[in-house]
Amino acid sequence: QVQLVESGGGSVQAGGSLRLSCAVSGSTVSMYHMAWFRQAPGKEREGVAFIFAGGGGTYYADSVKGRFTISRDNAANTLYLQMNSLKPEDTAMYYCAASTMAYDVWYVAWSSERPYNYWGQGTQVTVSS
């Protein structure tokens, strides 16, 4: 009965900021490795950012390093993605995902869809030039 619900998307000009939220129900966010993905029309879904359960270590796609920050508020049972210095190429539908799988190679697997067993419905981010 785990559900993920994204919010916080919208339209901004290049250079602006947005904070996306992913509310987790039916479980606790601290139990899962979690990630943000995005998909633009005609393109494959790509991993944007990842955060480990427990320790809180993170991974980021090269395209967003230094601009995006993934975080988790266990008390609020919510995952966040702070997006700064947004670019038109960041325009996409953004999805949160959760995994209970015990991978030993998350450093290479995190950006693939395969490890994740729960997905949200997505929230649209549009960045204009």
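Note on numbering: residues in each chain are counted from 1, in written sequence order. Whole-chain, interface and lining totals are the exception, using all residues; otherwise, since this is a predicted model, local features are given only for residues with pLDDT of at least 70 and side-chain atom pairs are given and counted only at 80 or more. In computing side-chain values, all of the structure's heavy atoms are included and hydrogens and water are not.

Trainee: Please explain the overall build of the protein chain as it appears in this structure.
Mentor: Under the scheme used here, helices are H or I runs from DSSP no shorter than 4 residues and strands are E runs no shorter than 2 residues, and both carry numbers assigned from the N terminus. Counting its regular elements, the protein chain contains 1 helix and 11 strands. Ordered by position from N to C terminus, the α and β elements of the protein chain give β-β-β-β-β-β-β-β-β-α-β-β. Only C-alpha atoms enter the radius of gyration, while the globule expectation follows 2.2 Å times N to the 0.38, with N the number of residues. In terms of C-alpha radius of gyration, the protein chain reaches 14 Å, essentially the compact-globule figure of 14 Å for 129 residues. Projecting the C-alpha coordinates of the protein chain onto the three principal axes gives extents of approximately 40 × 30 × 25 Å. Relative accessibility under 20% of the residue-type maximum defines a buried residue, over 50% an exposed one, and the middle range a partly exposed one, all with a 1.4 Å probe and only protein chains included. Burial analysis of the protein chain (129 residues in total) assigns 43% to the buried set. Throughout, a contact is declared for two residues whenever any of their heavy atoms are within 4.5 Å. Restricting the contact set of the protein chain to residue pairs at least 6 apart, pairs at least 24 apart contribute 59%. Working note: accessible area of the protein chain is about 6,400 Å², and carbon and sulfur atoms make up 47% of it. One finds the centroid of the 9 positive side-chain charges in the protein chain at a distance of 3 Å from the centroid of its 9 negative side-chain charges. The protein chains shown are the only cover counted for residues, whose accessible areas, like all others here, come from Shrake-Rupley with a 1.4 Å probe. Under the counting rule used here, the positive set is Lys and Arg, the negative set is Asp and Glu, and His together with the chain ends is not counted. Lysine's charge is taken at NZ, arginine's at CZ, aspartate's at CG and glutamate's at CD.

Trainee: When you look at the pairing of strand β11 (residues 123-128) in this model, what are you seeing that I'm missing?
Mentor: For a regular strand, side-chain orientation follows a simple rule: the groups alternate between the two sheet faces. Of the two faces of β11, only one is covered, namely that formed by Thr123, Val125 and Val127; the face formed by Gln124, Thr126 and Ser128 stays uncovered. In this scheme, strands are said to pair when DSSP sees at least two bridges between them. With 3 bridges connecting them, strand β9 (residues 92-99) and β11 associate as antiparallel partners. Following the sheet pairing, Ala92 is matched in β11 by Val125.

Trainee: Explanation requested: the pairing of β9 in the structure shown.
Mentor: Counting buried positions along β9 gives 7 out of 8 residues, so the element sits mostly inside the fold. In the sheet, strand β4 (residues 33-39) pairs with β9 via 7 bridges, with the strands oriented antiparallel. In the strand pairing of β9, Met34 is matched with Ala98. As defined by bridge partners, β9 adjoins strand β10 (residues 118-119) across 2 bridges and the pair is classed as antiparallel. Note that in β10 the partner of Ala97 across the bridge is Trp119.

Trainee: I'm lost on the packing of aromatic side chains in this one. Help?
Mentor: In this description, a pair of aromatic rings is defined by centroid distance and the angle of the planes. Working definition: a ring pair exists when centres of Phe, Tyr or Trp rings (six-membered ring for Trp) sit within 6.5 Å. Plane angles under 30 degrees give stacked, over 60 give edge-to-face, the rest tilted. Tallied over the entire structure, the rule returns 11 aromatic pairs. A centroid spacing of 5.6 Å and a plane angle of 65° characterise the contact between Phe52 and Tyr59, whose relative ring orientation is edge-to-face. Clustering of aromatic rings is evident, with ring pairs tying together Phe37, Phe50, Phe52, Tyr59, Trp106, Trp110, Tyr116 and Trp119. Geometrically, a lysine NZ or arginine CZ counts as sitting over a ring once it is within 6 Å of the ring centre and also within 35 degrees of the ring normal. The residue whose ring lies beneath Arg45 is Tyr95, and the NZ or CZ to ring-centre distance is 3.9 Å. Across the ring face of Trp119, the terminal group of Arg45 is positioned such that the distance to the ring centre comes to 5.0 Å.

Trainee: How should I be thinking about the pattern of salt bridges in this particular structure?
Mentor: Between side chains of opposite charge, a pair can form when the charged atoms approach closely. The rule for a salt bridge is simple: a side-chain nitrogen of Lys or Arg has to be within 4 Å of a carboxyl oxygen of Asp or Glu. Going through the model one piece at a time under the given rule, you end up with 4 salt bridges. Of the charged contacts, one joins Asp90 and Arg38 as a salt bridge, the two residues approaching to 2.9 Å between their closest N and O atoms. Remark: Arg38 occurs in strand β4 and Asp90 occurs in the loop between β8 (78-83) and β9; sequence separation between them is 52 residues. Overall, the relative accessible area of 0% leaves Asp90 in the buried class. Overall, Arg38 belongs to the buried group, its relative accessible area being 5%. For Asp90, the salt bridge goes to Arg67, with nearest N and O atoms at 2.7 Å. Taken together, the residues span a long stretch of sequence, with Asp90 in the loop between β8 and β9 and Arg67 in the loop between β6 (58-60) and β7 (68-73) at a distance of 23 residues. Per residue, the accessibility class of Asp90 equals that of Arg67, and both read buried. Among the charged side chains, a salt-bridge network with shared partners connects Arg38, Glu46, Arg67 and Asp90.

The values reported here are purely geometric and, on their own, carry no functional implication.
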